[in-house]
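Topology and contacts: notes
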Amino acid sequence: KRGSGGGGGGGAAKQRAADAPPRKREPPTPRVVEAVLESNGQPGYLERFLVKWAKRPKSEATWEPLRKLPAEQRAALVTAGREAFNRRVEPLLSGSPAEPSSSGVVAVQVPEHAAARCAAHLHTRWRDG
């Protein structure tokens, strides 16, 4: 039977809880990037970076999208990505025009008007990153 005053004894415990001072919640510790360990290698918005957080073990590293990293970290990653791309591409472009490269890229003569059309097309559709 409820409300008969018998059994339970929960009233005193509830009163003690109500009289206790409220607990102060500690603000969350800001996560500071210590290092970016690797990338998943996916293009564009699918790319994630394995982040080692300061004052946390490597086992607590998390995969984060670029937008969740601090601005200076984002800029460094974008610059590093561009530099890595250039290092991979430059050897392919610096070979002799008479010899095909190992990538299959072969130099060809293109009329100037066709090259201009191609450049205009690429310029309108290029997306940085």
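**Considerations on the nonpolar core**
- Formed by V33, F49, V51, W53, L69 and L77, the largest nonpolar core amounts to six residues.
- Of all the elements, strand β2 (residues 48–53) adds the most residues to this core, at three residues.

**Let's talk about the environment of E47**
- With respect to the helices and strands, the residue E47 is situated in the loop between β1 (33–39) and β2.
- As for E47 and E64, which are separated by 17 residues in sequence, their C-alpha atoms are 8.5 Å apart.
- In this structure E47 touches S39, N40, Q42, E64, P65 and L66, once residues within four positions along its chain are discounted.
- A distance of 2.6 Å separates polar atoms of two side chains, one belonging to E47 and the other to S39.

**Details of the pairing of β2**
- With respect to burial, β2 is a largely interior element, five of its six residues being buried.
- Summarising the sheet, β1 and β2 pair through five bridges and their orientation is antiparallel. Pairing of E38 across the sheet is with L50, part of β2.
- Direction of pairing for β2 relative to strand β3 (residues 62–65): antiparallel, over a ladder of four bridges. Looking at the pairing, F49 lines up with E64 of β3.

The rules behind these values
- Residues numbered from 1 in each chain as written.
- Predicted model: local features only at pLDDT ≥ 70, side-chain atom pairs only at ≥ 80, totals over all residues.
- Heavy atoms only, no water.
- Core = buried A, V, L, I, M, F, W, Y, C linked by side-chain atoms within 4.5 Å.
- Buried < 20%, exposed > 50% of the residue type's maximum accessible area, 1.4 Å probe, protein only.
- Helix = DSSP H or I, 4+ residues; strand = E, 2+ residues; numbered from the N terminus.
- Contact = heavy atoms within 4.5 Å.
- Polar contact = N/O pair within 3.5 Å; in protein donor to acceptor, adjacent residues only side chain to side chain.
- Pairing = 2+ DSSP bridges.

Function-wise, these values are silent; they only describe arrangement.
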